[in-house]
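The residues making up each chain are set out below.
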Amino acid sequence: MATIAFLGLGNMGAPMARNLIKAGHQVTGYDISEKAVAAFADAGGRAAGSIGEAVKAAEIVFTMLPAGPHVDEAYRGAGGIFENAAAGALLIDCSTIDVATARAVSAAAGEAGFAMLDAPVSGGTVGAEAGTLTFMVGGEAAAYASAEPLFAVMGKTVVHCGDAGTGQAAKMCNNMILGISMIGVSEAFALADRLGLDRQKLFDVSSKSSGQCWSLTTYCPVPGPVPTSPANRDYRPGFSAAMMLKDLKLAQAAANQSGASIPLGSGAAALYNLFCTQGGGDTDFSGIFAYLSGQVPKQM
Ligand code: NAD
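Residues numbered from 1 in each chain as written. Predicted model: local features only at pLDDT ≥ 70, side-chain atom pairs only at ≥ 80, totals over all residues. Heavy atoms only, no water.

### Here we look at the site of the ligand
Short version of the rule: The near set for a molecule or strand comprises every residue that places at least one heavy atom within 4 Å of it. Any pair of N or O atoms that falls within 3.5 Å is considered a polar contact. Within protein, one atom must be able to donate a hydrogen and the other to accept it, and sequence-neighbouring residues count only if both atoms are side-chain atoms. Only the protein chains shown count as covering a residue, and every accessible area follows the Shrake-Rupley method with a 1.4 Å probe. Strands here are runs of E lasting at least two residues and helices are runs of H or I lasting at least four, both read from the DSSP assignment and numbered beginning at the N terminus. Under the scheme applied, nonpolar residues are Ala, Val, Leu, Ile, Met, Phe, Trp, Tyr, Cys and Pro; charged residues are Asp, Glu, Lys and Arg; polar residues are all the others, including Gly. Marked domain ranges trace back to an automatic or database domain assignment.
Taken together, 19 residues lie around the ligand, and Asn11, Met12, Asp31, Pro66 and Lys246 are the ones closest in. For the ligand, an oxygen atom lies 2.8 Å from a polar atom in the side chain of lysine 246. For the ligand, whose accessible area on its own is 830 Å², the fraction buried by protein is 85%. Counting only elements with at least two residues in the shell around the ligand, the list comes to α7 (124-130) and α12 (241-258). Looking at side-chain class alone, the shell around the ligand contains eight nonpolar, eight polar and three charged residues. Residues lining the shell around the ligand come from more than one domain, with at least three contributed by each of domain 1 (3-163) and domain 2 (169-292).

### Side note on the domain arrangement of the protein
For clarity, the cut-off: The contact criterion used throughout is that any non-hydrogen atoms of two residues lie within 4.5 Å. Put simply, buried area is the surface a 1.4 Å probe can reach on two separate parts but cannot reach once they are joined, added for both. For this document, the term salt bridge refers to a Lys or Arg side-chain nitrogen within 4 Å of an Asp or Glu carboxyl oxygen.
By the assigned domains, the protein splits into domain 1 (3-163) and domain 2 (169-292). Put simply, the middle of domain 1 and the middle of domain 2, counted by C-alpha atoms, are 29 Å apart. Facing the twelve residues of domain 1 at the interface are eight residues of domain 2. A per-residue breakdown of the area domain 1 buries against domain 2 is headed by Thr96, Val99 and Met136, which together make up 48% of the total. Inspection of the region where domain 1 meets domain 2 yields zero salt bridges. Inspection of the region where domain 1 meets domain 2 yields three residue pairs in polar contact (both at pLDDT 80 or more). Every element with two or more residues in the side of domain 1 that touches domain 2 is listed here: α6 (99-111) and β7 (121-122).

### Quick word on the pattern of salt bridges
Two side chains carrying opposite charge are able to pair once their charged atoms lie near each other. For the record, the criterion: Throughout this description, buried means an accessible area under 20% of the type-specific maximum (1.4 Å probe, protein chains only), exposed means over 50%, and partly exposed covers the range between.
Tallied over the entire structure, the rule returns three salt bridges. Close ionic contact of glutamate 129 with arginine 18 constitutes a salt bridge, the shortest N to O distance being 3.0 Å. Of this pair, glutamate 129 sits in helix α7 while arginine 18 is found in helix α1 (residues 13-22), placing the two residues 111 residues apart along the sequence. On the basis of relative accessible area, glutamate 129 is assigned to the partly exposed category, the value being 44%. The residue arginine 199 makes a salt bridge to aspartate 193 at a minimum N-O spacing of 2.8 Å.

### Comments concerning the side chain of asparagine 19
Mapping asparagine 19 onto the fold places it in helix α1. For asparagine 19, a relative accessible area of 10% corresponds to the buried category. Separated by 3.4 Å, the side chain of asparagine 19 and the backbone oxygen of glutamate 129 make a polar contact. Beyond its immediate stretch of four places on either side in the chain, asparagine 19 contacts Ala128, Glu129, Ala130, Gly131 and Val153.

### Here we look at the pairing of strand β5 (residues 90-93)
What counts here: Only strands joined by at least two bridges in the DSSP assignment are considered to pair. If you view a crossover with the strands going away from you and the path from the first strand over the helix to the second runs clockwise, you call it right-handed.
Burial along β5 is two-sided: Leu90 and Ile92 facing one way and Leu91 and Asp93 facing the other are all buried. Inspection of the sheet shows β5 paired to strand β6 (residues 115-118) by four bridges, in the parallel sense. When the sheet's bridge partners are listed, leucine 91 is paired in β6 with methionine 116. Once the chain exits β5 it traverses α6 before rejoining the sheet at β6, and the crossover so formed is right-handed.

Written as structure tokens, this is what we have:
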């Protein structure tokens, strides 16, 4: 049994922390939302009133926060993790943030005497509840080895990607593939509609041909061919277009900093930005099909 602090008890953090409790660990939770802390206490967690109180006795500290600035502040800020964590504590950030901040916070952790891992996840709230997340982990091998049993409690697939920041790099590269492929599949269905090609027939062909991909066969953006996809429930998320836009912007920032050429990634970011600014942000990201084909998802 490990003594764990979990900071950020939102849509993802709360079910992840609950799975750690169910596995028999002693978990102390903190969130700036008192409601989130109260719900966590109802689920058997120990409630803390501050970051300092949550982390002071923890062997492992998890964070699951909205974005880079929140992570930077929680670790480096006054009253934050570096000021209050016990010597030898292992720090693990599971938030999705930019590579530059992940590397800067990890370097600062090293200077403060802590080992740190960046460990963003995919699998969404459903995977967080079910304990089937995929963890993409960056950081030193020894730290990874000691955290692996805890990742196995919350996830099904765990990959050590390399040094600090490579977990975040894997996350944004994967989601850039996803954003681009969803637009590609959506454009194909929109074109098929105009050409009088039945959607199911296109699915039957492409799901067995070279156009096959996850966006088509698991998360099909038109209603019908894949009954579990959000297209069959008026594009209720799932994974919102706003979150896809966040990840595409992180990829764009990383490409700018590293000099990588990502013309389709940039185009995908621009298109999701349009979709979001025109009211599609809370729609599932596969609602981009409806946007491209001139239909309006009901939630917009
Ligand atoms: P969320 O907004 O539901 O939860 C974030 C929580 O952090 C909130 O409860 C907020 O009050 C809390 N918080 C903010 N600042 C804090 C601080 N200083 N100290 C303590 N708590 C603080 O977001 P979420 O959906 O749980 O996502 C969390 C992270 O996971 C994000 O980086 C997101 O991109 C990533 N992610 C989300 C999904 C998803 O499907 N929701 C999937 C994969 C990755």
